[in-house]
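What the coordinates show
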Amino acid sequence: MPCPTTYNKTMRVRDPKKRAKDFKEVALGLTAKQAIKEAQRCLQCKKPKCVEGCPVEIDIPRFISSIRDNNFLAGLKTIREYNLLPAICGRVCPQENQCQGACILGRKKTPISIGALERFAADYEAAINETETVEIAKPNGHKVAVIGSGPAGLTVAADLAKLGYDITIFEALHEPGGVLVYGIPEFRLPKKIIQREIEYLKSLGVKIKVNWVVGKTQTVDQLFEEGYKAAFVGVGAGSPRYMNIPGENLNNVYFASEFLTRVNLMKAEQFPKYDTPVKRAEKVAVVGAGNVAMDAARTAQRLGAKEVYIVYRRTEHEMPSRAEEVEHAEEEGIKFEFLSNPKEIIGDEKGYVKAIKCDKMVLCEPDASGRRRPDCSGEEFTLDVDQVIMAIGQTSNPILTKSIKGLKLWGAGYIEIDENGKTNKPGIFAGGDIATGAATVISAMGAGKRAARSINEYVMTLAKAPRQRKKSSKTAK
Amino acid sequence: MYKILHKQNVAPQVDAVIVDAPYIATNAQAGNFVVLRLHDRGERIPLTIADSDRQKGTITLLFQKIGKTTEEMGRLKAGDTIKDVAGPLGHPTPMKRYGHCVLVGGGIGSATLFPILKGLKEKRNKVTVILGARTEELLVWKDRFKEYANDLVLTTDDGSAGRKGLVTEALKDLIESSNLKIALAVGPIRMMQAVSEVTKPYGLKTLVSLNPVMVEGTGMCGACRVNIAGKTKFACIEGPEFDAHEVDFQELANRLGFYRDEEEQAMKKYKKRCNGRCKK
Ligand SMILES: Cc1cc2nc3c(=O)[nH]c(=O)nc-3n(C[C@H](O)[C@H](O)[C@H](O)COP(=O)(O)OP(=O)(O)OC[C@H]3O[C@@H](n4cnc5c(N)ncnc54)[C@H](O)[C@@H]3O)c2cc1C
Ligand SMILES: Cc1cc2nc3c(=O)[nH]c(=O)nc-3n(C[C@H](O)[C@H](O)[C@H](O)COP(=O)(O)OP(=O)(O)OC[C@H]3O[C@@H](n4cnc5c(N)ncnc54)[C@H](O)[C@@H]3O)c2cc1C
Ligand code: SF4
Ligand code: SF4
Ligand code: FES
């Protein structure tokens, strides 16, 4: 179980009073001196637990030893062998559940701030305006389509481009990056970091087509007809969940994805300089307690709300958000209403939100899965608010999956894949949130890595057996 | 970038553009729409694909200049470009052989019925089209409709063309006098609601094309949610057409008015900045 104390506090952060009023980055990163000092604490374990905790198994002791020895770029090179987006993962990985949570030092005292060190190495490179030169294999002439430009798609694109493939990314929105651009706010992940990564991809020869809703603008079959040998589907789990309670469609009830998209992608906080508006409110209730909820709450506050409540049906111990975000939200004055389950959103005569009514919950004894389920206590309460933001999770978006006939799905419409990212359709691979359900940036990247490997194998086998290719591209239809 | 090949004023405050968008044109079906963004600071707005030409790789959009974005779009000329156009989005209108169909259009909504008319004719349906507007010059594309429809009924509030009165009156007479199988209405919410109320007692299956505020148009944000038979649906991926008799029109009207202050503010600022003449 995650323990909130296992997250590092060595990093400098901006003053909560000031930062809660703007969208500039909250955490400032480590100085070189701090980074070296932190790296010196690492025990360089023979059997490093931290590595087991990292979903892509970065050789953590090796990169930390380079930082310790003042060789920051070498450290970064090590990280990049495993992880394409260190500046991003260093910022957004739930480290307390992963690398840092597993660090042996955490058993007695503070674990190594692995995420902060990772971020430091990447930011250092950006600051001195270096870019790593990588060897790119000779073009092999094989076209591969990458659908969706979130972390999963970006990883597949980079790995295959380096192997000499001709890669085109197709992105539905007008900007590439997936959740990294439309979901996670600027104050947590500055957009220029993503732009830098996209530029890097382009330097590898990757083409990006935006405004390209695959399944609509072109179907996967049409892509195959254009000569793509394989397609990777990394379309994320971008469809908002809702509770189906009365009042959910009142004016000023937002789904978090809309609220965050307006601000992050459309820059509504700068309305009317930008054309897209977003409603600013006085008192806001955000339902849910994951990263999305924290992001929405802190965004609402930065838009000028006086009071912002996180309304969550369990307690602080079960909150799925990164520990760091919870702490930052608290410091910024976000209030928490635990054990509260919304049952109705109350509107005024014009159809605008005026309050949210919740059941007070109690936690029952742990069930078979060990999770303590919340149950109604019989009491209820009402919170007067003028805006409600629903942030209770995302689910699969059917546009693409429905457009591929016979594609095997599981659960709420997620794509079924094997351990190598293969779907049941030849030539179609998948990974990231659309295969697992909403997860994390690093797990989407890990899935991308595995899929890239198996796409390479697949295309190489095709190339060797031209007859078979004909057959399987037929079945791909 | 998507190039405007042709631009025309088709009625007071209504322009049509033909846009170069070969992939969208290839897959466009009746009832589909696009979401476009004029430039880097622009808003994403949905517009119905009013016509498309696969050979030429073009789509036609018809828009009423009612706010900042559509005003600004109205100032673009042939040769100018639109930064982003994504589509074709939404469910296509279900096309099959119904028998006798009626299409009811109000104001600018009419033009977006055009591809549906063509599609229904391809399936060898008998189609009566009822178009209504305040006055004759607002009856967009009536000649094109005339070419394809079995019957074209015009109504105007002021009697300047066709029958004086509302589309609903003409519709009621038609229902009484013929054996209609399906009605499809596009236009202002009030008009679609009125059509729905007319057809309901007759049990005539009626589709309406809803126009909630949208953001990205791909099912990711939930801005476009509408209430259909008490259930939340996303108009951009589950619509925009729904069974009229199940739509909560009042909720839709409320939600459409949500950004009125901001819309006015944007328009005022736009007009002031360039005195109504600048492009960006
Ligand atoms: C607000 C928010 C905060 C989060 N915070 C964190 C965090 O702090 N740490 C963390 O690890 N994870 C976080 N996550 C989760 C993480 O962002 C996701 O798990 C991750 O981005 C999934 O990556 P992906 O590549 O599978 O898909 P996504 O990032 O969802 O990208 C999918 C892309 O595919 C595009 N697409 C969809 N359909 C189509 C189509 N038909 N054709 C073409 N393109 C299409 C979408 O527009 C999108 O750009 C957060 C998520 C959200 C929403
Ligand atoms: C699926 C779909 C298809 C559409 N097709 C067309 C089309 O083919 N031609 C066309 O002219 N319009 C169409 N619309 C409406 C169009 O999207 C809006 O007119 C446009 O967004 C207005 O943008 P604006 O910035 O110019 O005006 P705004 O400043 O945003 O709005 C000005 C006024 O228009 C009203 N308005 C805003 N959005 C809508 C809307 N979605 N529907 C109705 N009224 C609205 C506002 O309440 C306000 O009174 C469609 C809408 C949808 C959802
Ligand atoms: S990628 Fe994430 S989990 Fe792995 S070492 Fe870096 S911060 Fe830790
Ligand atoms: S477990 Fe901790 S101390 Fe050991 S190598 Fe990893 S980071 Fe260093
Ligand atoms: S417009 Fe975003 S879900 Fe429909």
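All residue numbers here refer to positions counted from 1 along the written sequence of the relevant chain. Here chains are named by letter from A upward and ligands by number from 1 upward, in the order in which they appear as written. The predicted nature of this model means local features are confined to residues of pLDDT at least 70 and side-chain atom pairs, given and counted, to a pLDDT of 80 or more, with totals for whole chains, interfaces and linings taken over all residues. The side-chain figures draw on all heavy atoms in the structure; neither hydrogens nor water molecules are used.

Here we take up a nonpolar patch on the surface. Residue and element names in this part refer to chain A. Together, Leu73, Tyr124 and Ile128 give the surface a local cluster of nonpolar side chains, amounting to about 220 Å² of exposed area. For helices the rule is a DSSP run of H or I covering at least 4 residues; for strands it is a run of E covering at least 2, with both sets numbered from the N terminus onward. Here Leu73 is to be found in helix α5 (residues 72–82). Exposure is judged per residue with a 1.4 Å probe applied to protein chains only, and the accessible area is read against the type maximum: over 50% gives exposed, under 20% gives buried, and values in between give partly exposed. When its relative accessible area of 33% is taken as the criterion, Leu73 is described as partly exposed. A patch is a set of surface residues, each over 30% in relative accessible area and not in a salt bridge, joined within 9 Å for like charges and within 5 Å for the nonpolar side chains Val, Leu, Ile, Met, Phe, Trp and Tyr. Here the accessible surface of atoms and residues is derived via Shrake-Rupley with a 1.4 Å probe, and residues count as covered only by protein chains that are part of the display. Take a side-chain nitrogen of Lys or Arg and a carboxyl oxygen of Asp or Glu: if they are within 4 Å of each other, that pair is a salt bridge.

A separate point is the nonpolar core. Generally speaking, nonpolar side chains in soluble globular proteins are found buried as a group. In this text, buried Ala, Val, Leu, Ile, Met, Phe, Trp, Tyr and Cys residues form a nonpolar core when linked through side-chain atoms within 4.5 Å. In this structure, A:Ile60, A:Phe63, A:Ile64, A:Ile67, A:Ile88, A:Ile167 and A:Ile455 are the most contacted members of the largest nonpolar core, which totals 80 residues. Residue contributions to this core peak at 10 residues, all from helix α18 (residues 441–464) of chain A. Contacts between residues were defined by any pair of non-hydrogen atoms, one from each residue, lying within 4.5 Å. For A:Ile88, the residues in contact, after removing those within four places along its chain, are A:Leu180, A:Leu189, A:Ile193, A:Ile194, A:Glu197 and A:Val441. Counting residues in hydrophobic clusters, the runner-up holds 55 residues, among them A:Ala285, B:Leu180, B:Val208 and B:Ile228.

Counting from both sides, the interface comprises 46 residues of chain A and, opposite them, 47 residues of chain B. The term buried area refers to how much accessible surface (probe radius 1.4 Å) is lost by two components on association, counted for both of them together. Both faces combined, the contact of chain A with chain B buries some 4,100 Å², and carbon together with sulfur accounts for 52% of it. Taken as a group, A:Lys216, A:Asn249 and A:Asp275 account for 17% of the area that chain A buries against chain B, more than any other trio of residues on that side. Joining chain A to chain B, the criterion identifies two salt bridges. The salt bridge partner of A:Asp275 is B:Lys68, with a shortest N-O separation of 2.7 Å. Identification of polar contacts relies on pairs of N or O atoms within 3.5 Å, with a donor-acceptor requirement for protein atoms, meaning one able to donate a hydrogen and the other able to accept it, and with residues adjacent in sequence counted only if both atoms are side-chain atoms. Across the chain A-chain B interface, the total number found is 26 residue pairs in polar contact (both at pLDDT 80 or more). Of all the elements in the fold, those that place two or more residues in the side of chain A that touches chain B are β7 (239–240), β8 (253–255), α13 (256–264) and α16 (398–403) of chain A. Tallying contributions element by element places α13(A) first for the side of chain A that touches chain B, with four residues. Along the lines of polarity and charge, the residues of the side of chain A that touches chain B split into 21 nonpolar, 16 polar and nine charged. Polar here means any residue outside two lists: the nonpolar Ala, Val, Leu, Ile, Met, Phe, Trp, Tyr, Cys and Pro, and the charged Asp, Glu, Lys and Arg; Gly therefore counts as polar.

Confidence scores labelled pLDDT are given residue by residue by the predictor and lie between 0 and 100. Scored by pLDDT, chain B has a mean of 93; 98% of the residues are at 70 or more. The ipTM value of the predicted complex is 0.94, and its pTM value is 0.93.

A few words now on the pairing of strand β13 (residues 353–366) of chain A. The side chains of a regular strand alternate between the sheet's two faces. Residue and element names in this part refer to chain A. Taken together, the seven bridges between strand β12 (residues 340–347) and β13 define a ladder with antiparallel strand orientation. Note on β13: the bridge partner recorded for Ser340 is Lys360. By this definition, two strands are paired if DSSP reports at least two bridges between them. Count of turn residues in the β12/β13 antiparallel hairpin: five residues, of which Gly351 carries a positive phi of about 90°. Here β13 runs beside strand β14 (residues 372–384); their pairing, made up of nine bridges, is antiparallel. Among the inter-strand pairings, Cys358 is bridged to a residue of β14, identified as Phe381. Connecting β13 to the next strand, β14, in antiparallel fashion are five residues, including Gly370 with a positive phi near 85°.

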